[in-house]
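# Breakdown of the fold
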Amino acid sequence: MDWHWKYFRILGAGVLLGSYGIRLLTSRDAKKVYTCGTAAVLRMKDEVLKDVSLVCENCNDIVADAKEINEQRQAELDAQQIEEKPDARTDDPEENDCRAGRQAELLSAGPGRRR
């Protein structure tokens, strides 16, 4: 029977501490602490949002620069390919017929098979 009283005492202490805790949490001093804490969090939020917007602006600048670099490289590659591209046709008609026949032969063989 002694163990029953032990649990009733623990329950009673919990109820008393809970009641006192609620009064403590609703006091004016506690409300001041909550208000100051909330104000600090809001200031921190504003600073974080400023930092995030700055990072986004920098990322947009980086992406724009990267696109410009890629466009310049592509223009240079296109210019090189135009300069280096040999004329596939020659003045000799027999040589042109041989090239056309060889290309047709390779295409008709199918993938992976060469004659």
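Quick caveat, the model's predicted, so the values are computed rather than measured.

### Structural notes on the overall build of the chain
- In terms of regular secondary structure, the chain is built from three helices and zero strands.
- In sequence order, the chain lays out its α and β elements as α-α-α.
- Looking at the chain as a whole, 3% of its 115 residues are labelled buried.
- When the accessible surface of the chain is summed, it comes to about 11,100 Å², and 60% of that surface belongs to carbon and sulfur atoms.

### Section: a nonpolar patch on the surface
- On the surface, Trp5, Phe8, Leu11 and Val15 cluster together into a nonpolar patch covering about 480 Å² of accessible area.
- Checked against the element boundaries, Leu11 lands in helix H1 (residues 2-25).

### A closer look at the state of the cysteines
- Per the stated rule, a full pass over the model turns up zero disulfides.
- Looking at the unpaired Cys56, the closest cysteine sulfur is the one in Cys59, lying at 6.3 Å.

### Re a negative patch on the surface
- Taken together, the side chains of Glu57, Asp61, Asp65, Glu68 and Glu71 make up a negatively charged region of the molecular surface.
- Examined against the element boundaries, Glu68 turns out to sit in helix H2 (residues 28-84).

### With respect to the confidence of the model for the chain
- Averaged over the chain, the pLDDT score is 79; the fraction of residues at 70 or greater is 70%.
- Put simply, helix H3 (residues 93-109) is where the chain has its lowest mean pLDDT, 59, and H2 is where it has its highest, 92.

### Describing the pattern of salt bridges
- Taken as a whole and judged by the stated rule, the model has one salt bridge.
- The salt bridge involving Glu47 is made with Lys50; its shortest N-O contact spans 3.6 Å. Of the two residues, Glu47 and Lys50 both sit in helix H2, three residues apart, roughly one turn of that helix.
- By relative accessible area, which is 52% here, Lys50 ends up exposed.

The rules behind each value
Residues numbered from 1 in each chain as written. Predicted model: local features only at pLDDT ≥ 70, side-chain atom pairs only at ≥ 80, totals over all residues. Heavy atoms only, no water. Helix = DSSP H or I, 4+ residues; strand = E, 2+ residues; numbered from the N terminus. Buried < 20%, exposed > 50% of the residue type's maximum accessible area, 1.4 Å probe, protein only. Areas by Shrake-Rupley, 256 points an atom, 1.4 Å probe, with all protein chains shown as cover. Patch = residues over 30% accessible without salt bridge, like charges linked within 9 Å, V, L, I, M, F, W, Y side chains within 5 Å. Salt bridge = Lys/Arg side-chain N within 4 Å of Asp/Glu carboxyl O. Disulfide = S-S within 2.5 Å. Lys, Arg positive; Asp, Glu negative; His and termini not counted. Charge placed at Lys NZ, Arg CZ, Asp CG, Glu CD. pLDDT = per-residue confidence, 0-100.

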